[in-house]
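# An overview of the molecular structure
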Amino acid sequence: MGKASFARVTPYQLKPGMRDVATQKINGMKGQIMALHGMQRFLNVVNSDHSGYIVAVLDSEEASNKNMAKVREIWGSMADCLQEMPTPMGYDIVMEWEN
């Protein structure tokens, strides 16, 4: 696996009361998500107001772009948990630190 150079960050808003259902659904799709082309890391965070972010760290923007149809399909399977379909945004990784 090469050094990651790209992150796809997707803000989303859950419907009230759907956090546990959404968490179960995402956990059930772990294999599918982690098998996406170039996927290195996946982080899902959510706040008490039901807003969250998905941060997917990938090999490259090209790798991320190859996944767009599959990613739309995954988000589609989450539609009943979401206020609206989210819009992913892409960023170059300029620093990546960890302990």
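In what follows, the structure referred to is the one given above.
Below: a short report on this structure. In this convention, every chain numbers its residues from 1, walking through the sequence in written order. Residue-level local features of this predicted model are given only where pLDDT is at least 70; pairs of side-chain atoms are given and counted only at 80 or more, and the full residue set underlies all totals for whole chains, interfaces and linings. To get the side-chain values, all heavy atoms of the structure are used, and hydrogens and water are removed first.

## Describing the nonpolar core
- In this description, a nonpolar core means a group of buried Ala, Val, Leu, Ile, Met, Phe, Trp, Tyr and Cys residues linked to one another through side-chain atoms lying within 4.5 Å. Summary of the burial criterion: residues with accessible area below 20% of their type's maximum are buried, those above 50% are exposed, and those between are partly exposed, where the area comes from a 1.4 Å probe applied to protein chains only. Among the nonpolar cores identified, the biggest contains 19 residues, and Tyr 12, Leu 14, Ile 33, Trp 75, Met 78 and Leu 82 are the most heavily contacted of them.
- Residues contacting Ile 33, with those up to four places away along its chain left out, are Ile 26, Met 39, Phe 42 and Ile 74. The contact criterion used is simple: two residues touch if any of their non-hydrogen atoms lie within 4.5 Å.

## Some points on the sheet that holds strand S2 (residues 39–46)
- At least two DSSP bridges between two strands are required for those strands to pair. Here a strand is any run of E in DSSP of at least two residues, a helix any run of H or I of at least four, and the numbering for each starts at the N terminus. A sheet is described by the order of its strands in space; here four strands give the open sequence S2-S3-S1-S4, paired in antiparallel fashion. Each having just a single partner strand, S2 and strand S4 (89–92) make up the two edges of the open sheet. Looking at each pair of strands side by side, their axes are set apart by 20 degrees on average, direction ignored.
- The pairing of S2 with strand S3 (residues 51–58) spans seven bridges and is antiparallel. By the bridge assignment, Leu 43 is partnered in S3 with Val 55. Angles here are taken between N-to-C directions and fall from 0 to 180 degrees, while the axes themselves are lines fitted to C-alpha atoms, restricted in helices to the stretch in contact.

## Observations concerning the side chain of Asn 67
- Relative to the helices and strands, Asn 67 is located in the loop between helix H3 (61–66) and helix H4 (68–76).
- Residue classification places Asn 67 among the buried positions, given a relative accessible area of 6%.
- Among the polar contacts made by the side chain of Asn 67, one reaches the main-chain carbonyl oxygen of Ala 63 at a distance of 3.2 Å.
- Apart from the residues within four sequence positions on either side, Asn 67 is in contact with Leu 36, His 37 and Leu 58. Pairs of N or O atoms are called polar contacts if they sit within 3.5 Å, as long as, within protein, a hydrogen donor faces a hydrogen acceptor (for residues adjacent in sequence, only side-chain-to-side-chain pairs).

## Things to note about the pattern of salt bridges
- In what follows, salt bridge is the name for a side-chain nitrogen of Lys or Arg lying within 4 Å of a carboxyl oxygen of Asp or Glu. Considering all chains together, one arrives at four salt bridges under this definition.
- In this structure, the salt-bridge partner of Arg 41 is Glu 96, at a minimum N-O distance of 2.3 Å. Taken together, the residues span a long stretch of sequence, with Arg 41 in strand S2 and Glu 96 in the segment after S4 at a distance of 55 residues.
- A relative accessible area of 36% places Arg 41 in the partly exposed class.
- Taking relative accessible area as the criterion, Glu 96 reaches 31% and is therefore assigned partly exposed.

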